[in-house]
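# Survey of secondary and tertiary structure
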Amino acid sequence: MSRWIDRPAAREVIPLLPGESFRWLEHDYPSEIARWNYHPEYEIHLIRKGTGSYIIGDQIGAFGPGQVAMIGSELPHDWMSDLEPDEVILGRDAVVQFDAEWLERCIGVLPELSAVRELLGLSQMGIIFGGQTALDAAEQIELVGQTSGSRRLSHLFALLATLTHAPEHEKMLVTRAWFSASEGREGKAAVEAGLAYIFANLNDRIRMSEAAHLALMSEPTFSKYFKRASGLTFSDTVKKLRIANACRLLATSELPVSAICAEVGYSNLANFNRQFLAEVGMTPREYRNLDDAERPSGMSPRLGLDTANRLVEHAHS
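All residue numbers here refer to positions counted from 1 along the written sequence of the relevant chain. The predicted origin of the model limits local features to residues at a pLDDT of at least 70 and limits the giving and counting of side-chain atom pairs to 80 or more, whereas totals for whole chains, interfaces and linings rest on all residues. As a convention, hydrogens and water are excluded, and side-chain values are obtained from all of the structure's heavy atoms.

Note on helix geometry: an α-helix contains 3.6 residues per turn, so any two residues three or four positions apart are oriented the same way. What helix α3 (residues 116–123) keeps buried is the set Val 116, Leu 119, Leu 120, Leu 122 and Ser 123. Down the axis of α3, the buried set is contained in an arc of 165°. They therefore lie on one face. Think of it in three bands: with a 1.4 Å probe and only protein chains considered, a residue is buried below 20% of the maximum accessible area for its type, exposed above 50%, and partly exposed in between. Numbering of helices and strands starts at the N terminus; helices are DSSP runs of H or I of at least 4 residues and strands are runs of E of at least 2. The arc refers to the directions leading from the helix axis to the C-beta atoms.

Another aspect to go through is the sheet that holds strand β10 (residues 127–129). Two strands form a pair only when DSSP identifies at least two bridges running between them. Taken together, six strands build an open sheet; the order of strands is β2-β9-β4-β7-β10-β11 and the sheet is antiparallel. Two strands close off the open sheet at either side, each with one partner strand: β2 (23–29) and β11 (171–173). Direction aside, neighbouring strands of the sheet carry axes that sit 20° apart on average. The pairing of strand β7 (residues 68–71) with β10 spans three bridges and is classified as antiparallel. What sits directly across from Val 68, in β10, is Phe 129. To get an axis, fit a line to the C-alpha atoms, keeping to the stretch in contact for a helix; angles then go from 0 to 180 degrees between the N-to-C directions.

We now examine the pattern of salt bridges. A carboxyl oxygen of Asp or Glu within 4 Å of a side-chain nitrogen of Lys or Arg is what we treat as a salt bridge. A full pass over the atoms with the stated rule returns seven salt bridges. Notably, a salt bridge pairs Arg 48 with Glu 26, separated by 2.6 Å at the nearest N-O pair. Residue Arg 48 is found in the loop between β4 (42–47) and β5 (52–56), and its partner Glu 26 is found in strand β2; the two are separated by 22 residues along the sequence. One salt bridge connects Asp 93 with Arg 92, and the closest N-O pair in it is separated by 2.7 Å.

Once that is clear, we can look at helix α4 (residues 131–146). Helices are assigned an expected span. That span is 1.5 Å times one less than the residue count. End to end, α4 covers 23 Å across 16 residues, agreeing with the expected 22 Å (1.5 Å per residue, within 8%). Taken together, the buried positions of α4 are occupied by Thr 133, Ala 134, Ala 137, Ala 138, Gln 140, Ile 141 and Val 144. As for α4, its buried residues are in contact with β2, β4, β7, β9 (89–98), β10 and α5 (149–164). Contact criterion: two residues are considered in contact whenever any of their non-hydrogen atoms come within 4.5 Å of each other.

Let us now look at the confidence of the model for the chain. Each residue carries a pLDDT score, the predictor's own confidence in it, on a scale running from 0 to 100. Per-residue pLDDT for the chain averages 83, and the proportion of residues at 70 or more is 84%. The low-confidence segment residues 1–8 (pLDDT under 50) makes 20 contacts with residues lying over four places distant or belonging to another chain. Here residues 296–317 scores under 50 on pLDDT; set against residues more than four positions off or in separate chains, the count is 52 contacts.

Now for the pairing of β5. Counting buried positions along β5 yields five of five residues, so the element is predominantly enclosed. Of the pairings in the sheet, the one linking β5 to strand β6 (residues 59–63) comprises five bridges and is antiparallel in character. Considered in β6, the bridge of Ser 53 is made with Ala 62. Linking two consecutive strands that pair antiparallel, namely β5 and β6, is a turn of two residues; a positive phi of about 65° is found at Gly 57 within it. Pairing analysis gives five bridges linking β5 to strand β8 (residues 77–81), with the strands arranged antiparallel. Residue pairing across strands places Ser 53 opposite Met 80, the latter belonging to β8.

Structure follows, in structure tokens:
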């Protein structure tokens, strides 16, 4: 399993088969495709089997069978199952992925879909659904995989309707908004180039000048658009992703803390411990020693339902 855990996050390329306008897939765990990744497509994710920890943005939490989550564009994510040695969970996940531009074109000719726009906006923080919403959504996700043609499309629209109209007590926002599509082409270019560069060099030295070069921008211009679109400075984003990756490795590997320090890009153990403590509220060793049930709350505080509901209300206003 370690050959997947130790790999850095990657930008996932999502091809569409001929005659398809969106993608449905299922996969086992461990799997080459099951890794810390991000992509411009929106994703609706169903856990069918097993328990473990998810990482969405810079937050870590627990999952179990039946969990349904929606992941926004460019939002980093991974689901890491608890496994016995050499264990493989067959058919652990079922996933639907679609492009926002395609959905916008659908809305242009089918205005009944316009309410889905609010769901897309909230998914930039990652949404975990529970209760009857999760049960109904899981059924629609499976039906998408079992059908084709117009019936397949009807089940996707039914799935989106189910999630759009979920009661507030059956959805939880996971993290801050990772990227604001409203910032336009420049903001999107800055975030995409910045995240691609960070993920490719997460265990190495990272320079904003290199990310700006990839975005074909000057450093001041890149810095401005990156912060506008992501809500964080470039250096804060690097720090949060490195600490989130450290939490992932602490929870899912037996690497010593000193090795994890180097693996996530810190050359000085004392500095790593200090940065980890500032972000998580405890040392790396304290985090590792938590029971599985306690560990999700060890990361920076996740949004509880009350907080999530207030954010939903704010989005409505």
